[in-house]
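Chain and residue survey
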Amino acid sequence: MDKVCFGKVEAIFIIMNAMSIQLFLGFTRRMAGSGGTAGWMIPIYTSIIALILFFFISKLYKSFEGKDIIDVAEIAGGSFGRILVGLIFIVDYIFILSIMLRIFGEDIKIFALSQSPLSFVIIFFIIVMVVASYTGVESIVRLNTLIMPVVIIGFLIVVIGNIKFYDATNLLPIFGDGAYKVFIKEIPRISIYSAFSFIFFLVPFIGKYKDFKSIGYWSLIFSSIVLTFGTIAYFLVVPYPTSTENFIPYLHMARYVNYGRFFQRIESIFVLMWTMSAFVYLSAGKFFLLYMIKKTFKLKYYRPLILPIAIIIFTLCFMPQSLMAAVTLEGEVVRRFAWIVTFIVPLVVLIVAKLVNRKREGEKSNEKV
Amino acid sequence: MADFKKILKDLFVFKEPEKIEKFILKENKNGCDRCQKSGNVEGKKTESTEKETEKKEDRTDENNQKKEDSGSRKKGVKTTFAPIIQAGDNSKKKEDNSKVKQDKITKDVNKMSKVSNKLADNVAYLKNKYTLPDNGDVAIREFSITARDKTISACVIFIDGMVDRTVMDLAVLQPLMLLSNIEIKDNEQDIGLFVKNSLIPHNQIKILHELGKVVDEVNFGSCAVFVDGVDTAFTADVKGWQNRGVTNPNSEMVIRGPQEGFNEILRTNTALIRKILLDEDLIAENLSVGRRSKTPCALLYIKDIANDSLVDEVKRRLNGINIDYLFDSGELEQLLEDNSYQAVPQIIATERPDRVASMLTEGKVAVIVQGSPFVLVMPTTHIDLFHSPEDSYVRFPYANLLRIIRITAIVMALLLPGLYVAITNFHHEMIPTDLLFAIEASREKVPFPSLVEILIMELAFEFIREAGIRIPGPLGPTLGIIGGLILGQAAVAANIVSPILIIIVAVTGIGSFAIPNFSLGYAYRILRFVYIFLGATAGFFGITCGLFLQGIWLTSTKSFGVPFMAPMGPVTNGELADQIFRAPIWKQDKRPDFLNVKNNEKQPKISRQWQEDEKKK
């Protein structure tokens, strides 16, 4: 696994895909619920906060070039640190992946396979995740590089196709539910960039520190542009408070596209592209989960874990009672608190590791004297 | 049953992976190692390798022979070979010791590896080796050479049907038998050298000491001359078997471009490529594959372009093939490819010399197999399989149009039936209302679900296609067309299938014929059925799942160290001047970056100097 490496473009795309996939789920609905007509501002200012946090993280990461966060945790706290940090990320990823899997499965069931049982739909996702884990991160990342332009084109078709429904008055009042609610109360919405934690496990595959920095910055910037632009487009089409009622907003926007007799009801093609993006996200998430487990417990191979972990995720995804329970968990738990695992934990680990390193260097220089 | 259990066991029980370091196409460091090492000899290496090694062997053997024969040298015969026995002398000695010698010969013949200086031993060895007289087409002609008033026994062995008798008679037998007594103004006293230099006026003579090599040469259409008293054999290349001439390629026809195709003869094929690439740096290394068949192969590359590690890897794989017989390049392709379970081919097989020449100039390596008109070129990427030889010969707007049509046809061939099943079963909202009524009306009387309908028609189409190949003469393609039309019409009239399905199947079939690569066509014919089942099971979602799995499968594949989906997955630094779309030919400055070639520049940035000169005016 250590010999695999890939370039900047591929790394940026994989992180961007992971952060932007929520646009095709209930992201815009949540933004409407959080900030009203000013919900489109939330991705912008949260991305600025994320960029500032990453600035500090990247500065601290300079001394740990080529090491992932588990390695840094080992430097910081030895085996205890490694296992603690590893377990935090493992639990976080299992929780998020199982919820997202449930949501993806339910969404497919809503608009494509309404007669099929949920387990039948989810089993397709599981098969894809298992096969992709066997082939490795290299193939997932390369395939994502091929898929991303197609997904972006599909997204643009939906956004541009709805241009005749745009109404700028839908964005009024400008500050929506109030500046305090939008800018202060919704700060935890920085969790919309929780998938940014991929970068801490991509480091060994990227290698250079310079690339690590540029990947981090560009992926955050591009994702915030996509999320903001997508949210604005939705708000321009669907006025508040109707914008809080559509369950899968972009599916509805795809339905609105209507040019002549033949270019209409394109949501089925939209499903094709959206599902590809979902497959990449879940496959990459599962791979990094396996990678984390391997590094945390110092296992020699990760492949024996592929099927057991798939079964665990499959089982956990049925734990929420219904789709609404899963969506509530995603919106109120994941998208409010995941920022702690994504930004705070690495920050703390890096600070401690830096201090430990400094102490060791101090002791070494004392010994030499 | 045992295999199935093994497959299940491998799937669920973890097996420690083998510690194999997979081949990685290394980046080139400065300089051309192969050029530095070989210098000027490289171009002649393939023809004179054996001669040089034999010369070295000759010298060592000569030294040994000198020591052995010093006691029995006759006056005036400065030879390191055995002393020449005068005419008539042998017969008495043979009569006296015939029985003893016969026993000795039969005992020693099996252990012989070097050519003996006794003709009788050599003849006995050959008769034993070729199981004569059972083997009816192997002929041994014994005769006498009269040279410098000495009569020396000799023989020639050849395989009837493999040699050109006229050439053999004129260039080998006639000079040795009739012209050997002409006074030749040559003071050479060494009989062996005298025979080689003066008595066999043939353009390709090899001097061989090893009997195994002599047998190999004879098996490949040469004749071998043995002279009594000389411990070497002389082989002359007198190949003259019947073969097909250079004709049009059968599978890759173009309107614009050369109309020559490879045939079954190795040397003809190498010559066809050399005719196009008049480059002394084009290397054609000889190899043989197959323990028994010893099928001659040639490995071609341009030494100052191709990556050394790629050439070494191809050679390593060729030398590592341990089989009895090799009949065709198709078998060799299966033995060389990275992943035999991958649906798509990882090596290009082509009948066109111009296509091979073009790929060699990109830095790829070609393998020609004796007896096969298909030449293998590696490495390949998925995009290469979409290219047609005609793309470079027509103007770039036409080439790009053809590529768009081709890609659309390929997508249709793969996905159209699956999409049809998915739309009719799961996604009715996609179809415009009028079309939906038309489809429903046509399907009203059909008793089968759309999945069964499409399977019936697809299978029927496959049967017609397969049957059309086996039928000889002009009936074959005619039957295909008529069979398709009649079968389709009859099926519609019988309400087995709906009319729209005939259109779907026809477009699918025509799309599959538009695939330029023969093997890729087969791959997509198989995958089409998978997508039909996925579409029937889960609609567009199932098809997406299939596309993702296929994409994962392709991106994880490599062809001789090159990622199969390069240059898009992974993204490489080089220009995309001739990948999906083709830029004008004067803009294709660089070779594909993913091949890590030695010399990346194909042409300077300004390749149309005449335009620059015009601007200056």
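Residues numbered from 1 in each chain as written. Chains lettered and ligands numbered in written order. Predicted model: local features only at pLDDT ≥ 70, side-chain atom pairs only at ≥ 80, totals over all residues.

Before going further, it helps to examine the overall build of chain B. From N to C terminus, chain B includes 19 helices and 12 strands. A burial count over chain B gives 34% of its 617 residues as buried. Sequence-distant contacts in chain B: of pairs separated by 6 or more residues, those separated by 24 or more amount to 66%. (Helix = DSSP H or I, 4+ residues; strand = E, 2+ residues; numbered from the N terminus. Buried ≥ 20, exposed ≤ 12 C-beta atoms within 10 Å, placed from the backbone. Contact = placed C-beta atoms within 7 Å.)

When helices and strands are counted, chain A shows 13 helices and 2 strands. Over its C-alpha trace chain A gives a radius of gyration of 21 Å, about what one expects of a compact globule, namely 21 Å for 369 residues. The dimensions of chain A, computed from C-alpha atoms along their principal axes, are 80 × 45 × 35 Å. Burial statistics for chain A: of 369 residues in total, 50% are counted as buried. When contacts within chain A are restricted to residue pairs at least 6 apart in sequence, long-range pairs at least 24 apart make up 84% of them. (Rg over C-alpha atoms; globule rule 2.2 N^0.38 Å.)

Turning next to the pairing of strand 5 (residues 233-237) of chain B. The two faces of a sheet get side chains in turn, since along a regular strand they alternate between them. Residue and element names in this part refer to chain B. The element strand 5 is extensively covered by neighbouring structure, given that 4 of its 5 residues are classed as buried. Alignment of strand 3 (residues 205-208) against strand 5, held across 4 bridges, turns out to be antiparallel. Residue pairing across strands places I205 opposite A236, the latter belonging to strand 5. As paired elements, strand 4 (residues 222-227) and strand 5 share 5 bridges and run antiparallel to each other. (Pairing = 2+ DSSP bridges.)

I15(A), F198(A), L300(B) and A366(B) are the most contacted members of the largest nonpolar core, which totals 210 residues. A per-element tally of this core places helix 11 (residues 267-296) of chain A first, with 19 residues. Here this core gathers at least three residues from each of two domains, domain 2 (266-380) and domain 3 (396-563) of chain B. (Core = buried A, V, L, I, M, F, W, Y, C linked by C-beta atoms within 7 Å. Domains from an automatic or database assignment.)

Let's shift gears to the interface of chain B and chain A. Across the boundary between the two partners, chain B contributes 24 residues, which contact 29 residues of chain A. Per element, the largest residue contribution to the side of chain B that touches chain A is 11 residues, and it comes from helix 18 (residues 518-555) of chain B.

This part is about unusual backbone geometry. The omega angle of the peptide bond from L172(A) to P173(A) is -5 degrees, so this bond is cis rather than trans. Examined against the element boundaries, P173(A) turns out to sit in the loop between helix 6 (137-161) and helix 7 (179-185). At the junction of M378(B) and P379(B), the peptide bond is cis and its omega measures out at -5 degrees in the coordinates. Here P379(B) shows up in the loop between strand 10 (375-378) and helix 13 (396-425). For K294(B), which is not glycine, the phi dihedral falls at a positive 45 degrees.

Let us look at helix 12 (residues 353-362) of chain B. Residues and elements named next belong to chain B. For helix 12, a buried count of 8 out of 10 residues is recorded, marking the element as mostly surrounded by other parts of the structure. Restricting attention to buried positions, one finds in helix 12 the residues P353, D354, R355, V356, A357, S358, M359 and L360. The elements touched by buried residues of helix 12 are helix 9 (266-276), strand 7 (295-302), strand 8 (348-350), strand 9 (365-369) and strand 10. Looking one or two residues past helix 12, G363 carries a phi angle of roughly 110 degrees, positive in sign.

All names here are of chain B. A sheet is described by the order of its strands in space; here 5 strands give the open sequence 6-7-9-10-8, paired in antiparallel fashion. The open sheet has two edge strands, strand 6 (282-289) and strand 8, and neither has a second partner. Across this sheet, the average inter-strand angle for adjacent strands is 25 degrees, counted without regard to direction. Across 3 bridges, the pairing between strand 8 and strand 10 is antiparallel. Across the sheet, A349 pairs through a bridge with L376, a residue of strand 10. Here helix 10 (residues 308-319) sits on the sheet and contacts strand 6, strand 7, strand 9 and strand 10; the angle it forms with strand 7, its principal contact strand, is near 170 degrees. Its contacts with the sheet put helix 12 on strand 7, strand 8, strand 9 and strand 10, and the angle it makes with strand 7 is roughly 50 degrees. (Axes fitted to C-alpha atoms, helices over the stretch in contact; angles between N-to-C directions.)

What follows covers the packing of helix 1 (residues 8-20) of chain A against helix 11 of chain A. Residue and element names in this part refer to chain A. Two elements in contact, helix 1 and helix 11, have axes whose closest approach is 9 Å; the angle formed by their N-to-C orientations is 105 degrees. Relative to helix 11, the element helix 1 is oriented roughly perpendicular. Together, I14, N17 and A18 of helix 1 and S277, V280, Y281 and A284 of helix 11 make up the contact between the two elements. Classifying every residue of the contact of helix 1 with helix 11 by side-chain character gives 5 nonpolar, 2 polar and no charged. (Parallel < 35°, antiparallel > 145°, perpendicular 65-115°, else oblique. Nonpolar A, V, L, I, M, F, W, Y, C, P; charged D, E, K, R; others polar.)

Bringing the environment of F89(A) into the picture now. Residues and elements named next belong to chain A. With respect to the secondary-structure elements, F89 resides in helix 4 (residues 69-111). Take F89: there are 25 C-beta atoms within 10 Å of it, and that puts it in the buried class. Through-space distance from the C-alpha of F89 to that of G66 is 19 Å; in sequence the pair is 23 residues apart. The contact partners of F89, leaving out residues within four places of it in the chain, are M292 and V341.

Attention now goes to the confidence of the model for chain B. Residue and element names in this part refer to chain B. Summing up the model confidence of chain B, the mean pLDDT is 81 and the portion of residues at 70 or higher is 82%. Taken together, the stretch residues 35-58 has pLDDT below 50 and engages in 17 contacts with residues farther than four places along the chain or on a different chain. Below a pLDDT of 50 lies the segment residues 60-96, which in the model reaches 41 contacts outside its immediate sequence neighbourhood of four places, other chains included. (pLDDT = per-residue confidence, 0-100.)

The next thing to look at is the confidence of the model for chain A. Residue-level pLDDT values for chain A average 89, and 98% of them are 70 or greater. Between the elements of chain A, mean pLDDT differs from a low of 70, seen in strand 2 (residues 263-264) of chain A, to a high of 95, seen in helix 12 (residues 306-316) of chain A.

With that settled, the discussion passes to the packing of helix 9 of chain B against helix 12 of chain B. Residue and element names in this part refer to chain B. Where helix 9 contacts helix 12, the two axes come as close as 9 Å, and the packing angle between them is 60 degrees. With respect to helix 12, the element helix 9 is oriented oblique. In the crossing of helix 9 with helix 12, the sense of the turn from one axis to the other is right-handed. In this structure, helix 9 uses L272, I273 and I276 to contact helix 12, whose residues at the interface are P353, D354, V356 and A357. (Left-handed = near helix turned anticlockwise from the far one by under 90°.)

A few words on the environment of P516(B). Residues and elements named next belong to chain B. Along the chain, P516 falls in the loop between helix 17 (499-513) and helix 18. A sequence separation of 132 residues divides P516 from D384, and the C-alpha atoms of the two residues are 9.9 Å apart. Leaving out residues up to four positions away in the same chain, P516 has contacts with F386, H387, S388 and R406.

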